[in-house]
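Below are the chains, spelled out letter by letter.
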Amino acid sequence: DECPPLPSPAGVVRAAVERTAAWAARAAATPRGDGQALFGIVQGGIDTALRAESAQRTVALGFDGYGIGGLSVGENREEMGPALRAAIDELPGDRVRYLMGVGDPARLVDAVALGVDLFDCVLPTRHARHGTVLTDAGRFNLSNARFRTDPEPLDPSCPCRVCGRWSRAYLRHLLSVHEPTGARLVTLHNLEWLVRFVATMRETIRAGTFDAFRAATLAIWGA
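Okay, so let's go over this structure. (Residues numbered from 1 in each chain as written. Predicted model: local features only at pLDDT ≥ 70, side-chain atom pairs only at ≥ 80, totals over all residues. Heavy atoms only, no water.)

### Overview of the overall build of the chain
And then number 1: A tally of helices and strands in the chain yields 8 helices and 6 strands.
And then number 2: Shown N-terminal to C-terminal, the secondary structure of the chain runs as helices and strands in the order α-β-α-β-α-β-α-β-α-β-β-α-α-α.
And then number 3: By its C-alpha atoms, the chain is 60 × 40 × 40 Å across when sized along the principal axes.
And then number 4: A total of 223 residues make up the chain; the buried ones form 44% of that total.
And then number 5: Across the chain, the fraction of contacts at a sequence separation of at least 24, relative to all contacts at a separation of at least 6, is 60%. (Helix = DSSP H or I, 4+ residues; strand = E, 2+ residues; numbered from the N terminus. Buried < 20%, exposed > 50% of the residue type's maximum accessible area, 1.4 Å probe, protein only. Contact = heavy atoms within 4.5 Å.)

The following block contains the structure:
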């Protein structure tokens, strides 16, 4: 899989599609162990025709699931949506569809609405290392001076062990003196918050209320 940055010249994106397709063909022909799943990866930048072509070529090789790469690498949400849809439309609905490297709530609900099943991303841990906290009310940066004496938990509505024990002021102090424990504790909160967010998405899909949940999420995180 070759993931070109965006923006990239059309020739660079085309070359990435060809290299990814060649690697997929080699991988598909390689024996693997019992129970080992192999995913093919779709590239194509934000070119919808190239996305569809890449997906078709990857599906033709017959994989256990399909990864969608090369998004959330510089394009905005308005550019990502059509490219993602072009790929999803060509991927079989009975196989896992995995959007690679996407983790912010707005893009998560957009992608799930299009049919994505699986994600991975460094966002919650990278944010934590820089003091950015994920909450039900949106994100905030704990290094801001207004949190210096704040006795509240990171997110008053969060049931995680970090919110149940340590204050914003204490965690900000740990970050300000470069104590690694600060970043670790914020990381634990961010991870638990994001896991809870995804669990809520699943619950709203089952309950038939996902559209309302998506709208509420975009009202907070859509900017």
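Once you've had a look at it, read on.
### Describing the pairing of strand β5 (residues 132-135)
And then number 1: Going residue by residue along β5, you find T132 and L134 tucked away on one face and V133 and T135 tucked away on the opposite face as well.
And then number 2: Counting the residues that bridge the hairpin from β5 to strand β6 (residues 138-141) gives 2 residues. (Pairing = 2+ DSSP bridges.)

### Considerations on the sheet that holds strand β1 (residues 39-42)
And then number 1: Taken in spatial order, the 4 strands of this open sheet run β1-β2-β3-β4, and their pairing is parallel. The open sheet is flanked by β1 and β4 (118-120), the only strands paired with a single partner. Along the sheet, successive strands turn relative to each other by an average axial angle of 25°, direction set aside.
And then number 2: Of the strand pairs in this sheet, strand β2 (residues 65-68) and strand β3 (residues 96-100) are connected by 4 bridges, and their pairing is parallel. Bridge pairing links G65 to V96 in β3.
And then number 3: Along the sheet, helix α2 (residues 48-59) makes contact with β1 and β2, crossing β1 at roughly 165°. (Axes fitted to C-alpha atoms, helices over the stretch in contact; angles between N-to-C directions.)

### With respect to the pairing of β1
And then number 1: Judged from the 4 bridges that link them, β1 and β2 form a sheet pairing that is parallel. Residue pairing in the sheet places I41 in a bridge with G67 of β2.
And then number 2: Between the parallel elements β1 and β2, the chain passes through α2 in a crossover that is right-handed. (Right-handed = clockwise from strand over helix to strand, strands pointing away.)

### Points about helix α7 (residues 180-207)
And then number 1: The end-to-end C-alpha distance of α7 is 41 Å, a good match for the 40 Å that 28 residues give at a rise of 1.5 Å each.
And then number 2: Looking only at α7, the buried set comprises G182, A183, L185, V186, T187, H189, N190, W193, L194, F197, M201 and T204.
And then number 3: Of the surrounding elements, those touching the buried residues of α7 are α4 (105-114), α5 (123-129), β5, α6 (168-176) and α8 (210-221).
And then number 4: With its phi angle positive at about 80°, G208 sits one or two positions after the end of α7. (Expected span 1.5 Å × (residues − 1).)

### Structural notes on the nonpolar core
And then number 1: With 31 residues, the main nonpolar core has I68, L71, L84, L99, F197 and M201 as its most contacted residues.
And then number 2: Apart from residues no more than four positions distant in its own chain, L71 is found in contact with G45, I46, R51, M80, A83, L84, L99 and M100.
And then number 3: Membership of the second largest hydrophobic core comes to 16 residues, among which are F147, L154, C160 and L175. (Core = buried A, V, L, I, M, F, W, Y, C linked by side-chain atoms within 4.5 Å.)

### A closer look at the side chain of T20
And then number 1: Following the sequence through the fold, T20 ends up in helix α1 (residues 10-28).
And then number 2: According to the relative accessible area criterion, T20 is buried, its value standing at 4%.
And then number 3: One polar contact links the side chain of T20 to the main-chain carbonyl oxygen of A16, over a distance of 2.8 Å.
And then number 4: T20 has contacts with D1, E2, I41 and Q43, leaving out every residue within four places of it along the chain. (Polar contact = N/O pair within 3.5 Å; in protein donor to acceptor, adjacent residues only side chain to side chain.)

### A look at the packing of aromatic side chains
And then number 1: One pass over the structure, following the stated rule, counts 6 aromatic pairs.
And then number 2: Centroid distance F63 to Y66: 6.1 Å. Interplanar angle 90°. Geometry classified as edge-to-face. Like Y66, F63 is buried.
And then number 3: Aromatic pair W193 and F197: ring centres 5.4 Å apart, planes at 20°, arrangement stacked. Placement of the pair is W193 and F197 together in helix α7, with a separation of 4 residues, close to one helical turn. Grouping residues by exposure puts W193 and F197 together as buried.
And then number 4: Three or more aromatic residues joined by ring pairs form one cluster here, namely W193, F197, F213 and W221. (Phe/Tyr/Trp six-rings, centres within 6.5 Å; stacked < 30°, edge-to-face > 60°.)

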